[in-house]
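Listed below are the residues making up each chain.
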Amino acid sequence: MSKTPVSELLDAELPRFTYGADYNPEQWDPETWLEDARLMQQAGVNLVAVNIFGWAQLEPLPGEYDFRRLDQVVEILHEHGIGINLGTGTSSPPPWLTAEHPDALPMTADGTRRAFGGRQAYCPSSPVFREHSLALVEQVAARYGRHPAVKLWHVSNELGCHNAHCYCPVSASAFRAWLEQRYGTLDALNEAWGTAFWSQRYAAWEHIQTPMLTLSTGNPAQAVDYLRFSSDEILDQYRAEAAVLRRHSAAPVTTNFMVTAHIRALDYWGWAAEMDVIANDHYLDHRLAQPTAELSFAADVTRGLAGGEPWMLMEQATSAVNWQPHNIAKTPGEMLRNTLTHVARGADGISFFQWRASVQGSERFHSAMLPHAGTDSAVWQSVVELGRTLERLREVAGTRVVADVALVFGWEPWWITDLDSHPTTELRYLEQVHRAYNALRASGVTVDIVAPGAELDGYRMVVVAALHSVTDEQAATVSDFVAAGGHAVITFFSGITDGVDRVRTGGYPGAFRELLGVLTEEFFPLHPGETVALDDGATATIWTERLHARGAEVVASYLDGPLPGTPAVTRNAFGAGAAWYLATNLDEVSLARTLARAAADAGVALDPALAGSELEVVVRQGSGRSYLFVINHGDTDALHPATGTELIEGGDIAGTLVVPAGAVRVVRLSAQAPARPTAESTPDAIRESDREEVRELR
Ligand code: GLA
């Protein structure tokens, strides 16, 4: 399905960024709505999401609809020139639905029902929920489908955030129907699930259940199919709602994804094609070691889902959230840096949760565009400043990020690699992907995130991290890419099993053995906290393996640990390209060094001055123009080579850009200036007079 350009959603003559928030007028009175609309204008807000949690007000009792308040809100916003991203309102059913139909409540893996009182308390397979939710969508779509203020449809909200996995009998029956569709016959299912093991062979479809809590470990193939089913089941709710909307309205349809480190239930590679606009919600997660690196990763994943086209950030926080153990407020400039990192990485729309901070309910202490303190606040000032900044950057909207390196990531691999009964619990899929990503980011390398098996033409290098289960076709995309001159870096525990997670015999890493020119007999995971030394000065943790080079050149070997003298890092010339194998978990610096070496080997342009610096540099290109984004995460001013016009503060830049501590600068590069670093454009080429200038600034 071809996408609607985000920058054209507002019918502006020229592309522009959308800017706004979730707006929950249900929580406020009509006088406040008017004040809200005026303040939205002041902040430069042009698109707000409404009716996200409106169901209980729109349909207080079954079949009794009341649109009076929403009608008023829609008109007020329209009169103030603010576009609407209209929610279908189905994200949380009203109390009557599950009070009258308790079977529609979700069931957890231990067989207990979850109660009404939070949100998303419904079973995704419930026919009762489906019927009532679609009846509501029908009403909403018929009423507002042609309203000129409606620029976008927002189906439900963060589908599957809380209720992706329901284990109730209705879900079990839907799971069986899904399995019949997938396998056709019980024999095929038994084969794929390996039910010869532990007396699990099924003789009738009705005997198959959802993978509820068992005494011992369960069947891994059943577990993964259940996760696939669950993702599909939730997507089906989206499809059903979108179909109703499309009967009544020509406005594009989307829902907000959760590309984030703590939610992995939805396989968005399978969802992306169904969206008219790709939209993501992202919150800085202070439970992670590197929250801003994860932000960049999530933005790049979202761009990958959008096929490289611009996308929309549907939610983020102006400051603290309320749902982490310690809800850290943003420091001055941090919100702008976060936002412009999303923009640098392809966002053409920026929205927050939420417009006005709630005074009741469990999200009272979540930040908003308009905080409890009102407009006399640093948060409000930053919101107004961001509105202005997005206008100044308007010409960037519609341009694209271009990358030389692809990094493979997927939700299915996340499920499979993290299954239990693997060699070590220390190996976590996302952590491995993040490590590779962070190492490249720290070297200033922009990457595209691609699905396993994606086309790799046009890239110089691909990185495959901990991709445990791969089909022959997926493996061939990597081998063919290398044979044709590309370079690959593959990390440990990749290529071990096939598409149904059956071990590939004859030596690990089965699917990539030939490409890598190595053969591993046995894994030797390390004790938690154990470190081994390599002969090139690196150290490593988590994993080693008894590996033999079979044609590959040995780059580094272990000095100690369980396998002294055994190769740990290898490089194999293959066809016209080369494939590196990282058979252990290298320390951060060595991983960055090794990936940078492989990238340089692949002909990726690297700026050595960026390695280890606090600058994040990304280029967007389009219509013959290049825009250089430089984000300074550090607390000292920095220099970066650039020639062109700076768009945030204004001014010509002739050779050297000064980026104050914590600031962001965006330069429209002069036509003759290189968009990518070259040997001449590295900071070594920065004139001494500019260095003086920065010293004075400090
Ligand atoms: C999600 C939801 C919002 C809100 C925010 C809080 O993104 O979509 O409704 O709960 O989290 O961070």
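What counts, and where the lines are drawn
- Residues numbered from 1 in each chain as written.
- Predicted model: local features only at pLDDT ≥ 70, side-chain atom pairs only at ≥ 80, totals over all residues.
- Heavy atoms only, no water.
- Helix = DSSP H or I, 4+ residues; strand = E, 2+ residues; numbered from the N terminus.
- Rg over C-alpha atoms; globule rule 2.2 N^0.38 Å.
- Buried < 20%, exposed > 50% of the residue type's maximum accessible area, 1.4 Å probe, protein only.
- Contact = heavy atoms within 4.5 Å.
- Areas by Shrake-Rupley, 256 points an atom, 1.4 Å probe, with all protein chains shown as cover.
- Lys, Arg positive; Asp, Glu negative; His and termini not counted.
- Charge placed at Lys NZ, Arg CZ, Asp CG, Glu CD.
- Axes fitted to C-alpha atoms, helices over the stretch in contact; angles between N-to-C directions.
- Parallel < 35°, antiparallel > 145°, perpendicular 65-115°, else oblique.
- Nonpolar A, V, L, I, M, F, W, Y, C, P; charged D, E, K, R; others polar.
- 1 Å grid on protein atoms, 1.4 Å probe; cavity = no way out; pocket = protein on both sides within 12 Å on 5 of 7 lines; lining within 4 Å.
- Points joined across faces, edges and corners; volume = space filled by probe spheres on them.
- Pairing = 2+ DSSP bridges.
- Right-handed = clockwise from strand over helix to strand, strands pointing away.
- Near = heavy atom within 4 Å.
- Polar contact = N/O pair within 3.5 Å; in protein donor to acceptor, adjacent residues only side chain to side chain.

**Student:** In this structure, what is going on with the overall build of the chain? I would like to understand it.
**Tutor:** Across its full length, the chain holds 18 helices and 27 strands. Its C-alpha atoms give the chain a radius of gyration of 26 Å, near enough to 26 Å, the size a compact globule of 698 residues would have. The burial tally for the chain puts 60% of its 698 residues in the buried class. Across the chain, contacts joining residues at least 24 apart in sequence account for 71% of those joining residues at least 6 apart. Accessible surface, the chain as shown: approximately 27000 Å² in total, 50% of it carbon and sulfur. Between the averaged position of the 52 positive side-chain charges in the chain and that of its 87 negative side-chain charges there is a distance of 2 Å.

**Student:** I keep staring at the packing of helix H6 (residues 169–183) against helix H8 (residues 220–248) and nothing clicks. Help me out?
**Tutor:** For any two helices packed against each other, one specifies the inter-axial angle together with the distance between the axes. Two elements in contact, H6 and H8, have axes whose closest approach is 10 Å; the angle formed by their N-to-C orientations is 100°. Judged by the inter-axis angle, H6 sits roughly perpendicular to H8. Residues Ser171, Ala174, Phe175, Trp178, Leu179, Arg182 and Tyr183 of H6 form the contact with H8, whose own contacting residues are Gln222, Asp225, Tyr226, Arg228, Phe229, Asp232 and Glu233. A breakdown of the residues in the contact of H6 with H8 according to their chemical character gives seven nonpolar, two polar and five charged.

**Student:** Help me understand empty space enclosed by the protein, please; the structure alone is not making it clear to me.
**Tutor:** Where empty space is left in the structure can be found by rolling a water-sized probe over the atoms. Throughout the structure, instances matching the rule amount to eight cavities of 30 Å³ or more. Of the pockets and cavities examined, the largest cavity occupies roughly 90 Å³. In terms of lining, the largest cavity is formed by 13 residues, of which the most central are Ala221, Val224, Arg228, Gly499 and Val500. Mapped by element, the contributors of at least two residues to the lining of the largest cavity are H6, helix H7 (186–193) and H8. Among the elements that make up the lining of the largest cavity, the one with the highest residue count is H8 (five residues). A class-by-class count of the residues in the lining of the largest cavity yields eight nonpolar, one polar and four charged.

**Student:** How do you make sense of the pairing of strand E2 (residues 47–50) when you look at a structure like this?
**Tutor:** Looking down a regular strand, the side chains alternate between one sheet face and the other. Burial along E2 is two-sided: Leu47 and Ala49 facing one way and Val48 and Val50 facing the other are all buried. In terms of strand pairing, strand E1 (residues 18–22) meets E2 through three bridges, oriented parallel. What sits directly across from Asp22, in E2, is Ala49. Chirality of the crossover, the property in question, places the unit of E1, helix H1 (residues 30–43) and E2 among those that are right-handed. Judged from the four bridges that link them, E2 and strand E3 (residues 83–87) form a sheet pairing that is parallel. Directly across from Val50, in E3, lies its bridge partner Leu86.

**Student:** Whenever I open this one, the site of the ligand confuses me. Can you help?
**Tutor:** Taken together, Phe53, Arg119, Asn157, Glu158, Asp281, Tyr283, Glu315, Trp323, Phe353, Glu363 and His366 make up the full set of residues near the ligand. At 3.0 Å, a side-chain N or O of Arg119 approaches an oxygen atom of the ligand. When the ligand sits alone it has 310 Å² of accessible area, and the protein chains cover 97% of it. Classifying every residue of the shell around the ligand gives four nonpolar, two polar and five charged.

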